[in-house]
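# Commentary on secondary and tertiary structure
Here is how the chains run, residue by residue.
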Amino acid sequence: MDALLARFQARNPQPKQFAARARVLLLLYDNGVPIDVALGALDFEERAIERGSWWEARPGIRLFTCSADDLVVYKAFAARDRDWSDVDRILAVQRERLKIDQILAELRPLAELKEDAAIVPRLERLIRKHGLGA
């Protein structure tokens, strides 16, 4: 953690204390891009791994991927403009296959840890835009 804090600016006044509690180190890259460093096995991450599956990208090339539901959570948590565009597209393509209640239940505590009250309402607006119910 010290090496990261030496290289990047912290986004909160007590980064070590916050990271110990939240298991996320919130940093800022030199160009202003926020960086969220997960510090080991959040409960959500363990569940995302359990829900993951293998995907054959090409013959002989298999990748372990997260579910579309968990990808929405990851993207919404990152909350960059391009991530919100990705969330919008996932909602449009996956539609009724998504477990909206699960997505919101996983995202709420993560947004609280990040101390970003705008994440969940923004996702809820996109969900309504696509006519998907929670």
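Read on for a plain summary of the structure. (Residues numbered from 1 in each chain as written. Predicted model: local features only at pLDDT ≥ 70, side-chain atom pairs only at ≥ 80, totals over all residues. Heavy atoms only, no water.)

## Examining the overall build of the protein chain
- The helix and strand tally for the protein chain stands at seven helices and five strands.
- Start at the N end of the protein chain and walk to the C end: the helices and strands fall as α-β-α-β-β-α-β-β-α-α-α-α.
- In terms of overall dimensions, the protein chain has a C-alpha envelope of 45 × 40 × 30 Å along the principal axes.
- Across the 134 residues of the protein chain, 33% fall into the buried class.
- In the protein chain, 43% of the contacts between residues at least 6 apart in sequence involve partners at least 24 apart.
- In the structure as shown, the protein chain presents an accessible area of about 8200 Å², 52% of it carried by carbon and sulfur atoms.
- Measuring between centres, the 22 positive side-chain charges of the protein chain sit 4 Å from its 21 negative side-chain charges. (Helix = DSSP H or I, 4+ residues; strand = E, 2+ residues; numbered from the N terminus. Buried < 20%, exposed > 50% of the residue type's maximum accessible area, 1.4 Å probe, protein only. Contact = heavy atoms within 4.5 Å. Areas by Shrake-Rupley, 256 points an atom, 1.4 Å probe, with all protein chains shown as cover. Lys, Arg positive; Asp, Glu negative; His and termini not counted. Charge placed at Lys NZ, Arg CZ, Asp CG, Glu CD.)

## Focus on the packing of aromatic side chains
- A complete count under the given rule lists three aromatic pairs for this structure.
- Between Phe 8 and Tyr 29, the ring centres sit 5.7 Å apart and the planes meet at 35°, which makes this aromatic pair tilted. You can see Phe 8 sitting in the loop between α1 (2-7) and β1 (9-10) and its partner Tyr 29 sitting in the loop between β2 (24-28) and β3 (34-38), a full 21 residues away along the chain.
- For Phe 8, a relative accessible area of 15% gives the class buried.
- Note on Tyr 29: relative accessible area 35%, which makes it partly exposed.
- For the ring pair Trp 54 and Phe 64, a centre distance of 5.2 Å and an interplane angle of 70° mean the geometry is edge-to-face. Of the two residues, Trp 54 sits in strand β4 (residues 53-58) while Phe 64 sits in strand β5 (residues 61-65), which places them ten residues apart along the sequence.
- Its end group placed over the ring of Phe 77, Lys 114 keeps NZ or CZ at 4.8 Å from the ring centre. (Phe/Tyr/Trp six-rings, centres within 6.5 Å; stacked < 30°, edge-to-face > 60°. Lys NZ or Arg CZ within 6 Å of the ring centre and 35° of its normal.)

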